[in-house]
Amino acid sequence: MIVKSRARIGAVVGTAALALGAMAAPASADPAPGNYRVLAGVGSDTTQDVVNGLGTAVDSGALIASYNALGTATVKTRATGCQIARPNGSSAGINALRNAVDNNTGCLDFARSSRGVADTSSTDLTWIPFGKDAVTFAVRSDSALPKALTKAQLVSVYTCQTTSLNGVALTPLLPQSGSGTRSFFLGQLGLTESTFGSCVDDTVQEHNGEALDSAGDIAPYSVAQYIAQSNEPGDVVDRRGASVLGSVNGVAPRNADGTLNTAFPFNRDVYNVVPTAKLTDPTIAATFVGSSSKVCAQSGVIATYGFGTIAGCGSTALRGES
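The structure reproduced in this document is the subject of the present report. Each chain has its residues counted from 1, running along the sequence as written. Given that the model is predicted, a residue must reach a pLDDT of at least 70 before its local features are reported, and side-chain atom pairs must reach 80 or more before they are shown or counted; all residues, however, enter totals for whole chains, interfaces and linings. With hydrogens and water stripped out, all remaining heavy atoms of the structure feed into the side-chain values.

Details of the pattern of salt bridges
Next, step 1: The salt bridge criterion pairs a side-chain nitrogen of Lys or Arg with a carboxyl oxygen of Asp or Glu, the two atoms within 4 Å. In total, this model carries 12 salt bridges according to the counting rule given.
Next, step 2: Here Arg 239 makes a salt bridge to Asp 45, at a shortest N to O gap of 3.4 Å. On the criterion of sequence distance, the pair formed by Arg 239 in the loop between α7 (223-231) and β13 (243-245) and Asp 45 in the loop between β1 (39-43) and α3 (48-57) is long-range, its members being 194 residues apart. Accessibility classification places Arg 239 together with Asp 45 in one group, the buried group.
Next, step 3: In the salt-bridge network here, residues are joined through shared partners; they are Arg 98, Arg 115 and Glu 321. Helix and strand definitions here come from DSSP, where helices need a minimum of 4 consecutive H or I residues and strands a minimum of 2 consecutive E residues; each element is numbered from the N-terminal end. Each residue is assigned to one of three classes by its accessible area relative to the maximum for its type, calculated with a 1.4 Å probe on protein chains only: buried under 20%, partly exposed between the two thresholds, exposed over 50%.

Structure, rendered in structure tokens:
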């Protein structure tokens, strides 16, 4: 597994460096050097593209700065200071926001998150939902692996009880540590960081179909990201490779028109996370809070990037994590 993991990572990096692939694209979607907008955010790979799109659409691109999960090692979010390590994923972004709040740096105002609250013992941060996503499994289109599985079959695959299907040896994949999609997918299967199987390669970047480079590969994939990568709005790069989305329990992840099926079994809200103490800040409130907020008003942008709209857009009921 270690050898295969290293080869997989090397292949992704090599593709990006030579052909402006998945790893190269994120840096181009960051605000241009010297373009320091009012609100700065980092975090989730899943929602980076839609929040980039919102950053362009809201207030003529002057309000929301969204820094991608991948790119240069650091990002600079303010004109003075604030050169920080680039967070890759929901948990890393939330941790970076928490650090900015705890140390009063002023470097970050929000974090993108595709996961909900992990710890409700505190109310320091507030998760503000703005769209609906779903997560299914992906396999290669040219593989004999089934394109329809049950939840029970997926559990068996990710606990290494099922090691082959249709005569194909399986290589279950998971996104990198700290990924909101990783924690969500494991949660939907009733698994944890300590209960998924030792056969699982958990080093791949999420929503990168190009990492499915052998017939037995199977990986979770954001349906919204898959849709956005097929449409390529804004700076979105098609990373699907040969991957195709599978059905779970007989339910397809997309509707007949190609849009997200919000009734898919593994569906989730996605969030922008802000410090609870800043909910009354006029700029934060106008941007994120309530159904008439600047983010929630951009339902067309949210749909363009593959996400479904939600009735609770802008709610501030979900709080936690110290």
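Regarding the side chain of Ser 44
Next, step 1: With respect to the secondary-structure elements, Ser 44 resides in the loop between β1 and α3.
Next, step 2: Nitrogen and oxygen atoms within 3.5 Å of one another constitute a polar contact, given that in protein one can donate a hydrogen and the other can accept it, and given that sequence-neighbouring residues count only through two side-chain atoms. In this structure the side chain of Ser 44 is engaged in a polar contact, spanning 3.0 Å, whose partner is the backbone nitrogen of Thr 46.
Next, step 3: Contacts are residue-level and defined by heavy atoms, with any inter-residue pair within 4.5 Å sufficient. Residues contacting Ser 44, with those up to four places away along its chain left out, are Gly 89, Ser 90, Arg 112, Ser 113 and Ser 114.

Brief notes about the packing of aromatic side chains
Next, step 1: The criterion for an aromatic pair is that two Phe, Tyr or Trp rings (for Trp, the six-membered ring) have centres within 6.5 Å, with stacked assigned to planes under 30 degrees apart, edge-to-face to planes over 60 apart and tilted to the rest. Counting across every chain of the model gives 4 aromatic pairs.
Next, step 2: Aromatic side chains Phe 110 and Phe 288 sit 5.2 Å apart centroid to centroid with 55° between the ring planes, which places their arrangement in the tilted category. Of the two residues, Phe 110 is situated in strand β5 (residues 110-113) and Phe 288 in helix α8 (residues 282-288); the sequence distance between them amounts to 178 residues.
Next, step 3: When its relative accessible area of 3% is taken as the criterion, Phe 288 is described as buried.
Next, step 4: Ring plane angle 85° and centroid distance 6.1 Å describe the contact between Phe 264 and Phe 266, whose orientation is recorded as edge-to-face. The burial state of Phe 264 is the same as that of Phe 266; both residues are buried.
Next, step 5: Arg 240 extends its terminal NZ or CZ atom over the ring of Tyr 226, reaching a point 5.3 Å from the ring centre.
Next, step 6: Sitting over a ring, as applied to charges here, requires NZ of Lys or CZ of Arg to be within 6 Å of the ring centre and within 35 degrees of the ring normal. Taking NZ or CZ as reference, Arg 268 lies 5.2 Å from the ring centre of Phe 184, over its face.

As far as function goes, none of this settles anything; it's purely spatial.
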